[in-house]
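Chains, contacts and geometry: an overview
These are the residues of each chain, in order.
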Amino acid sequence: MSWNGKEALLQSKGGHNLNHRFPEIIHTVEESFPKDFSIVLDGELSILENYGRADFYYLQRRHRLRSQQTIKREANHRPAAFLAFDCFTYNEQNMRKTPWFKRKQLLREFMESHGLPLHPLPHSKTRVQFVPSYSNREDVLEENRVCRGEGIVAKKKNSFYEKGRTTSWLKIKTPFHTPSFITKYDPSNHYFHLGVMRKDTILPIGKCAHGFSSEGAKALTHTIKQNGSWDAKETV
């Protein structure tokens, strides 16, 4: 997300303008960010269930909305938030070669000085919020467990910003286990849809696309295509 002192721009990783789809975030930037000052932030677009867990599927649903009337209603009913965790530029100064801990400190000071929340708050009217860091691994793992979060990201304190995959950052996923079965396969994004039985009804519980070996994924996809049937949305 960028702010040039006059206008805000919320972009996806692919460079798509998301301003009109998440007006509540743009409103916060225009109300809270200083004039005649520029900044570019990295962060996560989220709809929060609690302070440590996001509802990815509700966010997907929100992202697909096109009617401005519906978007406005959803923005009031269950607003999205931009959770800022890094700073790329600070008043036109490139921060990518600044060590991570200094970028994080500068970002925290910016957020605090302009009255923005210093940790995720699902019910705050201010929709740009800071993602804090922890020095103790056990503390953040416990917070993640309590919130039933997806996992944590560990970063080297002196690391510079690198685009794409990097050895300076490590994702540690939370291992939740439950028996389930595949109900559908979507070849457009290679996601398998999962479900469980509730009495005599199939209850959807989520999607997955990772965690398989290359051979296992191919065999599973082949089996589904051979035994399944195509629907109107071209899923099996």
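For the structure itself, consult the block above.
Here the structure is a predicted model, which is why all the values come from computation and not from measurement. (Residues numbered from 1 in each chain as written. Predicted model: local features only at pLDDT ≥ 70, side-chain atom pairs only at ≥ 80, totals over all residues. Heavy atoms only, no water.)

Re the overall build of the chain
As a reminder of what qualifies: Elements are defined by DSSP. Helices are runs of H or I of four residues or more, strands are runs of E of two residues or more, and each kind is numbered from the N terminus. Classification of residues uses two cut-offs on accessible area relative to the type maximum, computed with a 1.4 Å probe and protein chains only: under 20% is buried, over 50% is exposed, and between them is partly exposed. Residue contacts are defined here by distance: any two heavy atoms, one from each residue, within 4.5 Å place the two residues in contact. Only the protein chains shown count as covering a residue, and every accessible area follows the Shrake-Rupley method with a 1.4 Å probe. Positive charges come from Lys and Arg, negative ones from Asp and Glu, while His and the chain ends are left out of the count. Working definition for charges: the position is that of NZ of Lys, CZ of Arg, CG of Asp or CD of Glu.
Broken down by element type, the chain carries six helices and 13 strands. Along the longest, intermediate and shortest principal axes, the C-alpha atoms of the chain span 60 × 45 × 30 Å. By the burial criterion, 35% of the 236 residues in the chain qualify as buried. The long-range share in the chain, meaning contacts at least 24 apart out of those at least 6 apart in sequence, stands at 53%. Total accessible area computed for the chain in this model is approximately 15600 Å², and 51% of it derives from carbon and sulfur atoms. For the chain, the distance from the average site of its 37 positive side-chain charges to the average site of its 25 negative ones is 3 Å.

Re the pattern of salt bridges
The condition that has to hold: By definition, a salt bridge exists where a carboxyl oxygen of Asp or Glu is found within 4 Å of a side-chain nitrogen of Lys or Arg.
According to the stated counting rule, one finds eight salt bridges in the structure shown. For Arg62, the salt bridge goes to Glu24, with nearest N and O atoms at 2.9 Å. Within this pair, whereas Arg62 is found in helix α2 (residues 56-63), its partner Glu24 is found in helix α1 (residues 23-32), the two being separated by 38 residues in sequence. Of the two residues, Arg62 and Glu24, both sit in the buried class. A salt bridge links Arg103 to Asp86; its shortest N-O distance comes to 2.8 Å. Pair noted here: Arg103 is in helix α4 (residues 100-113) and Asp86 is in strand β6 (residues 81-90), with a separation of 17 residues, a long-range link. Each member of the pair, Arg103 together with Asp86, is buried.

Things to note about the packing of aromatic side chains
Stated precisely, the cut-off is as follows: Between 30 and 60 degrees the pair is tilted, below 30 it is stacked and above 60 it is edge-to-face, where a pair is any two Phe, Tyr or Trp rings, Trp via its six-membered ring, whose centres lie within 6.5 Å. Two limits define a charge over a ring: the Lys NZ or Arg CZ must be within 6 Å of the ring centre, and within 35 degrees of the ring normal.
Evaluation of the coordinates by the stated rule reveals 10 aromatic pairs. Summarising the aromatic geometry, the rings of Tyr161 and Trp169 are spaced 6.2 Å apart at their centres and angled 65° between planes, so their arrangement reads as edge-to-face. The rings of Trp3, Phe33, Phe37, Tyr90 and Phe110 are connected pair by pair, giving a single aromatic cluster. The cationic tip of Lys155 hangs over the ring face of Trp169; the distance from NZ or CZ to the ring centre is 3.8 Å.

Points about the nonpolar core
Cut-off, in case you're wondering: The definition of a nonpolar core used throughout is a set of buried Ala, Val, Leu, Ile, Met, Phe, Trp, Tyr and Cys residues joined through side-chain atoms within 4.5 Å.
Formed by 29 residues in total, the largest nonpolar core has its most connected members in Met1, Leu10, Ile25, Phe33, Leu41 and Val128. Secondary-structure elements contributing two or more residues to this core are α1, β3 (39-46), α2, β6, α4 and β8 (128-130).

Points about the pairing of β3
The line we're drawing: We call two strands paired when DSSP finds no fewer than two bridges between them.
Pairing analysis gives two bridges linking strand β1 (residues 2-3) to β3, with the strands arranged antiparallel. Paired with Trp3 across the two strands is Ile39, which belongs to β3. Where β3 and β6 come together, eight bridges link them in antiparallel fashion. Across the sheet, residue Leu45 finds its bridge partner in β6, namely Phe82.

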